[in-house]
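Here are the chains, one letter per residue:
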Amino acid sequence: MVKRRFDPEPYLPLTPPMFQLLLALADGDKHGYAIIKEVERRTAGKVRLSAGTLYALIRRFVNEGLIVECDERPDPALDDERRRYYRLADNGREVAAAEARRMEEAVGHARAKLLLPKPRPA
Amino acid sequence: MDKDIPQVRLFRGLVRALFPADFRAGYEAEMTRTFRAQHREAGAAGGVARLWWETLAGLVRTAPREHLAQLRQDIVYALRMMRRTPAFTAIAILTLATGIGASTALWSIVDAVLLRPLPYAHAESLAVMWNHWADNSQAGLSNPELFDARERLRSFEVAAFTKGSANLTGGGEPERLVATHLTANGLSVLGVRPVVGRDFRAEEELAGNGRVVLLTHGLWQRRFGGSRAVLGQTLTLNGEPHSVIGVLPAGFEVPNEFGALQRSAVVLPITLDPAAPRHERGSHYLSTLARLRPGRSLTAAQAELDLLTRAFDREYPGEYNAGYRASLTPIRTEIVGPVRRPLLILFGAVLLLLLIACANVANLLLARGAARAKEIAVRQATGASPARLVRQVLTESLVLALAAAVVGIGLARAILALAAAAAPNLPRLDEAGLDLAVLAFAAGLAALTALAFGSLPALQLAGRDTAPHLHGDRGGSRTALRQGVRAALVTAQIALALVLLVGAGLLIQSFARLRQVPGGFNPDRVLTVLLSVPSSGYPEREPVVRLFERLLDGLRASPGVVGAGAVAGLPLQSGLGDWDFYLEGEIPGPHGSNRPADWQVVTPGYFETLGIRRVRGRSFSPADRADAPAVAMINETLARTIFAGRDPVGRQIRMSGEGQAWRTIVGVVADVRQDALDAPPMPEIYMPHAQFLSFRPGMIMRTLTVVVRASGDAAALTNTVRQQVRALDPGLPISTVTTMDEVVARSLAEPRLHSLLLGFFAAVALVLAVVGTYGVLAYQVTERTREIGLRQALGAKAGDIQKMVLRQGMGPALAGVAVGLGGALLLTRLLATQLFEVAPLDPTTFAATSAILLAAALLACFLPARRATGVEPSTALRAG
């Protein structure tokens, strides 16, 4: 059976909370609170996910196969409560990457128009 | 684990309140844990307020989306289920569509006719004033009574109007217009202002000052293109110039025109004589309006009116009899009162039909629910909560009901068109339509209907023990309950159908009897045409009489014409009221005889043309001219009541009032139903047109309806009549061209509509109830296949099986007929005022409809009973 190739385009553009959620899971499984903290830290507080917003997004992405639910285990960095962890699925990774490429392309256009300065060589 | 602090409990409570059950099953615990951690951190950093603000905003934003997402899922699933079972879906939609469509159509009519505000400002303080006499007849006011009321009543302001006609000539084809003559304060009493120009002035009520006219909106658009330049233009009405002073708003109607086939085209000032003697009070020709003054109630106004009428009796002894009174009727009651009850009965009938449809579809869904038991069990086993499944079933019901509403709108449109064609004179029916409010009603009704028929299958689902179904076990312990519910639904359908059938049977019988009532005339091949002769060119009586004589002579000589005559008031279309009369030997006094009879003015040839039988003596002839001895004819009722046993021919009678002549009765004709087929004939006096003298001095009978009997098609004579009139006077328009058959049909329009609609609803109810009975029994036979096989294996014969199945089917049907009879006994009393010569508890109707319903139910049970005897025992036992 030929597996149909996954097309991330229909999911784009992602809203900032959607992109940040997928990005948070890109480097490993996390539970909900950890996702919220990482997004807040990485965006310097510009994107703040509430519990309602986060879990509604998680449910949607789980239904669409972009995220999978993992086991429940305690987080030693927090209290000892068992928390459900989430993992970025392959399709989710493709969607996040496609969104990043879209934004990169937009940044490139802005630089070509001198809206943004060119990056300095490292 | 720490006990939760109040804020965390509050958060959990909000999640439970806002989010759907399925979502909460997966994420409530996680959300609570996450919030707990957030709250702990925020508390330490002093950011609790901000946390709550963001959390609440998030909950409010996302919870509705979760509900919508589930609803979308449920709708998609429902549509998939409907596509998988097209026959079931079609039957359910059509069944519900009949109920929803009929209810929507009737609601539209009830709303337009009974509920919508009248086109008058503060209509709740507007009333109509009537005089009432001892014999229960009612009439308008006379000229002196109007002036007395205006001068002496404080609780309300009084206006008056009459209906007439005006011939519009000059500038195009002459046109006869229906005209309302209104007092100067008429528009302000009605709470209406001209949209262009001005109202009448008080001085324009005086003779000679009234050469002004207000145009109705329709005439303004049609004849003058809606141009404001019409103001100040001169129109020639009845040969006299009239200045256009204004235009009335669209939809303006005087109260007696709602439902009239002819609405006024122009409004003219009425001519009143304030100097007329106040003791001549007998001519009650003014229709009267009353506007309650601010702060006055109808009760107080009626009390003041009662004082005034008692004063009339004292001040004018002999003029009013012992039973005289005047009344105020609220304008809405006056306009729609007579149709309120029949309309509400019809509305109740369609709601019964809708209930039958709901019971029918509920049974279908219950049967389908049992067939889907395994599917439901699998869904529950894979995580769907009972609440989720109940929500799914209710959504399916809603989708079915909305689809039915869309189809039902088409049926509603057809019913409205039927009503408009069958009863065009129902007041305000032309305002009924499928506007947004009515469509919203249909949608709301669909939602209620979904709840009604979907709740039983949903409850069935909620109480289901699904485990046995996973293993193919049908869960036999609940079978008896399921069968009981279905049997109860069949009983309900049969009972409701019987109520509708009895009601329809009574109305249909009543209508059939009404149609049989002899009108006293023969309407076949008779054309009727209204001709109104204006005073300009015909100022005296003789030219008017000669015009009609020459017209009728010309018509009688025309090819295709068997006979021609004319009458002032055509039977079943209009009467002229009543008039006191004296018998020979009596001395006419100033106050009348208190012995009224209805009266008519006819030409020679009228009775013969309309087929009114002459019983005694002779008919009017051309020799009965103004300079010949005055004659009259009377009808059988007058002959019987006044001259009982004696020959009236040769006797003398005289109409009351100054200047009237003693008339010799020359003939007696058979009774004619002048007012309505269901109204008994009144005593009637006929006077020849050439000798007629009005009770109002100087008034000439200028408007007659010409009747022409054709040898062939009556309508084909229209041009003949038009040509004959044009040959006499090209400026004379003819109008109200119709056949006598149409006049009779129009008089039966409302009873025809009621019996037609109720008959249709009852027929649909019968079909639904019978199909419902068949469906349930057929399904029950399938359910009992194993049991039937077992019985046959143990020796039961085919006849025994048939009887068993028939008992199962006819049991609920018999119970339904019993309940239905009880309901019909209570409800048919409401029909009493609609019935003609049929009792509300007519035993023949009750027995016949019960027999029809039982026979239909027996037929519906017969097929499944026959199928049951075809069950092979060995196959049945293996299939279980």
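Cut-off values and rules
- In this numbering scheme, every chain counts its residues from 1 along its sequence in written order.
- The order in which chains are written sets their letters, starting at A; the order in which ligands are written sets their numbers, starting at 1.
- Residues qualify for local features only when their pLDDT is at least 70, as the model is predicted, and side-chain atom pairs are given and counted only at 80 or more; totals for whole chains, interfaces and linings, by contrast, use all residues.
- Hydrogens and waters are ignored; side-chain quantities use all the structure's heavy atoms.
- Whether two residues are in contact is decided by their heavy atoms: any pair within 4.5 Å suffices.
- Note on terms: buried area is the combined drop in 1.4 Å-probe accessible area of two parts once they are placed together, counting the loss on both.
- The working definition used for a salt bridge is a side-chain nitrogen of Lys or Arg within 4 Å of a carboxyl oxygen of Asp or Glu.
- As used in this structure description, the phrase polar contact means that two N or O atoms lie within 3.5 Å; if the pair is within protein, one of them must be able to donate a hydrogen and the other to accept it, and residues adjacent in sequence are counted only when both atoms belong to side chains.
- For the purposes of this entry, the term helix denotes a DSSP run of H or I that reaches at least four residues, the term strand denotes a run of E that reaches at least two, and both are numbered from the N terminus.
- All residues other than Ala, Val, Leu, Ile, Met, Phe, Trp, Tyr, Cys, Pro, Asp, Glu, Lys and Arg, Gly among them, are scored as polar; the first ten of these are nonpolar and the last four charged.
- Whether a residue is buried, partly exposed or exposed follows from its accessible area with a 1.4 Å probe, protein chains only, as a fraction of its type maximum: under 20%, in between, or over 50%, in that order.
- Should DSSP find at least two bridges between two strands, the strands are taken to pair.
- Here a Phe, Tyr or Trp ring, Trp counted by its six-membered ring, pairs with any other such ring whose centre lies within 6.5 Å, and the pair is stacked when the planes are under 30 degrees apart, edge-to-face when over 60, and tilted otherwise.
- Note on geometry: a ring has a charge over it if NZ (lysine) or CZ (arginine) is within 6 Å of the ring centre and within 35 degrees of the ring normal.
- Between N-to-C directions, angles cover 0 to 180 degrees, with each direction set by a line fitted to C-alpha atoms, over the stretch in contact for helices.
- Each angle is binned into one of four classes, with values under 35 degrees roughly parallel, values over 145 roughly antiparallel, values of 65 to 115 roughly perpendicular, and all other values oblique.
- We call a crossing left-handed when the near helix sits turned anticlockwise from the far one by less than a right angle, and right-handed when that turn is clockwise.
- The span expected for a helix works out to 1.5 Å for each residue beyond the first.
- One axis is fitted to the seven residues ending at the residue and one to the seven starting there. The bend at that residue is the angle between these axes.

Student: What am I meant to see in the interface of chain B and chain A here?
Tutor: Chain B puts 24 residues into the contact, and the matching count from chain A is 23 residues. Here chain B packs against chain A, burying approximately 2,000 Å² in sum over the two surfaces, 48% of which is carbon and sulfur. Ranking the residues of chain B by area buried against chain A places Tyr27(B), Glu30(B) and Arg33(B) at the top, with a combined share of 29%. Along the contact surface separating chain B from chain A lie three salt bridges. Note that Glu54(B) and Arg48(A) form a salt bridge whose closest N and O atoms lie 2.5 Å from each other. Taken together, chain B and chain A are joined by eleven residue pairs in polar contact (both at pLDDT 80 or more). Elements with a contribution of two residues or more to the side of chain B that touches chain A: α2 (21-45) and α3 (48-84) of chain B. It is α2(B) that provides the largest number of residues to the side of chain B that touches chain A, a total of 13 residues. Counted by class, the side of chain B that touches chain A contains seven nonpolar, seven polar and ten charged residues.

Student: Can you help me understand the pattern of salt bridges in this one?
Tutor: A pair can form between side chains of opposite charge whenever their charged atoms are brought close. Under the counting rule described, the total for this entry stands at 42 salt bridges over all chains. When the shortest N-O distance is used, the salt bridge between Lys30(A) and Glu38(A) registers 3.4 Å. Across the pair, Glu38(A) and Lys30(A) agree in class, each one buried. When the shortest N-O distance is used, the salt bridge between Arg222(B) and Glu175(B) registers 2.8 Å. Taken together, the residues span a long stretch of sequence, with Arg222(B) in helix α7 (residues 217-224) and Glu175(B) in strand β4 (residues 175-182) at a distance of 47 residues. Since its relative accessible area comes to 54%, Arg222(B) is described here as exposed. Classification of Glu175(B) by relative accessible area gives buried; the value is 18%.

Student: Looking at this structure, I do not really get the environment of Asp675(B). What am I missing?
Tutor: Residues and elements named next belong to chain B. For Asp675, the position within the fold is in the loop between β19 (662-669) and β20 (684-688). On a C-alpha basis, the gap between Asp675 and Leu570 in space is 9.3 Å, while along the polypeptide they are 105 residues apart. With sequence-adjacent residues up to four places away left out, Asp675 is seen in contact with Leu572 and Asp598.

Student: Any chance you could explain the pairing of strand β13 (residues 561-567) of chain B here in plain terms?
Tutor: Successive residues of a regular strand alternate their side chains across the two faces of the sheet. Residue and element names in this part refer to chain B. Counting buried residues in β13 gives six out of seven residues, a clear majority hidden from the surface. As paired strands, β13 and strand β21 (residues 703-710) are joined by six bridges and run antiparallel to one another. Its bridge partner lying in β21, Ala566 is registered against Val706.

Student: What is the right way to look at the packing of aromatic side chains in this model?
Tutor: When we look at a pair of aromatic rings, we describe it by the centre distance and by the angle of the planes. On inspection of all chains with the given rule, the structure shows 15 aromatic pairs over all chains. With centroids separated by 5.9 Å and ring planes inclined at 55 degrees, the aromatic side chains of Phe760(B) and Phe761(B) adopt a geometry described as tilted. Looking at Phe760(B), the relative accessible area reads 38%, which means it is partly exposed. Site record: aromatic cluster; members linked through ring pairs are Tyr55(A), Phe19(B), Phe23(B) and Tyr27(B). One cation-aromatic arrangement involves Arg595(B) over Phe581(B); the distance from NZ or CZ to the ring centre is 5.3 Å.

Student: Which parts of the structure should I look at to understand the packing of helix α20 (residues 749-783) of chain B against helix α22 (residues 798-827) of chain B?
Tutor: Packed helix pairs are characterised by how far apart their axes lie and by the angle those axes make with each other. Residues and elements named next belong to chain B. Packing of α20 against α22 brings their axes to within 10 Å, and their N-to-C directions diverge by 140 degrees. In terms of orientation, α20 lies oblique with respect to α22. The two elements α20 and α22 cross, and the hand of that crossing is right-handed. Where α20 abuts α22, its residues Thr773, Leu777, Gln780 and Val781 lie against Val805, Gln808 and Gly809. Looking at the contact of α20 with α22 residue by residue, the classes come out as three nonpolar, four polar and no charged.

Student: Even after reading the chapter, I still don't get the sheet that holds strand β3 (residues 82-88) of chain A, so can you show me in this structure?
Tutor: Paired through backbone hydrogen bonds, the strands of a sheet run either parallel or antiparallel to each other. Spatial ordering of the open sheet is given by β1-β3-β2 (chain A), a layout of three strands whose pairing is antiparallel. Each edge of the sheet is formed by a strand with only one pairing partner; in this case those strands are β1 (30-31) and β2 (67-74) of chain A. Running at roughly 105 degrees to β3(A), α2(B) makes contact with β2 and β3 of chain A of the sheet.

Student: Hey, could you run me through unusual backbone geometry in this one?
Tutor: Most peptide bonds adopt trans geometry, and most residues besides glycine take a negative phi value. A cis amide bond links Leu12(A) with the next residue in sequence, Pro13(A), at an omega value of -10 degrees. In this model, Leu114(A) sits at a positive phi of 65 degrees, which is unusual for a non-glycine residue. Along the chain, Leu114(A) falls in the segment after α4 (90-112). Of note, the phi angle at Thr736(B) is positive, near 45 degrees, even though the residue is not glycine. Residue position: Thr736(B) is located in strand β22 (residues 734-739). Judged by relative accessible area, Thr736(B) falls into the partly exposed class, the value being 26%.

Student: Looking at this structure, how should I read the pairing of strand β17 (residues 631-635) of chain B?
Tutor: All names here are of chain B. Among the five residues that make up β17, five are buried, leaving the element largely enclosed by the rest of the structure. Alternating positions in β17 separate into two faces, Val631, Met633 and Asn635 on one and Ala632 and Ile634 on the other, with burial throughout. Sheet analysis places β17 next to β20, joined by two bridges and oriented antiparallel. By the bridge assignment, Ile634 is partnered in β20 with Ile685.

Student: How do you make sense of α22(B) when you look at a structure like this?
Tutor: For an α-helix, 3.6 residues make a turn, and residues three or four places apart therefore share a direction. All names here are of chain B. A rise of 1.5 Å per residue sets the reference length of α22, with its 30 residues, at 44 Å; its end C-alpha atoms lie 43 Å apart and thus fit the reference within 8%. Along its length, α22 reaches its greatest deviation from straightness, about 30 degrees, at Met810, and the proline Pro812 lies no more than four positions downstream. Of the residues making up α22, those classed as buried are Ile801, Met804, Val805, Gln808, Gly809, Met810, Pro812, Ala813, Gly816, Val817, Gly820 and Ala824.

Student: Teacher, can you tell me more about the environment of Val247(B) here?
Tutor: All names here are of chain B. Mapped onto the elements of the fold, Val247 is located in strand β8 (residues 240-247). Each C-alpha atom, one on Val247 and one on Ala412, is 36 Å from the other, the two residues being 165 residues apart in sequence. Here Val247 is in contact with Pro194, Val195, Val196, Leu214, Leu215, His217, Trp220 and Val230, once residues within four sequence places are set aside.

Student: What's the story with the side chain of His39(B) in this structure? I'm lost.
Tutor: Among the secondary structure elements, His39(B) is positioned in helix α2. The residues touching His39(B), leaving out its near neighbours within four places in the chain, are Ile5(B), Gln7(B), Val48(B), Leu51(B) and Trp52(B).

Interpretation in functional terms is not warranted from these geometric data alone.
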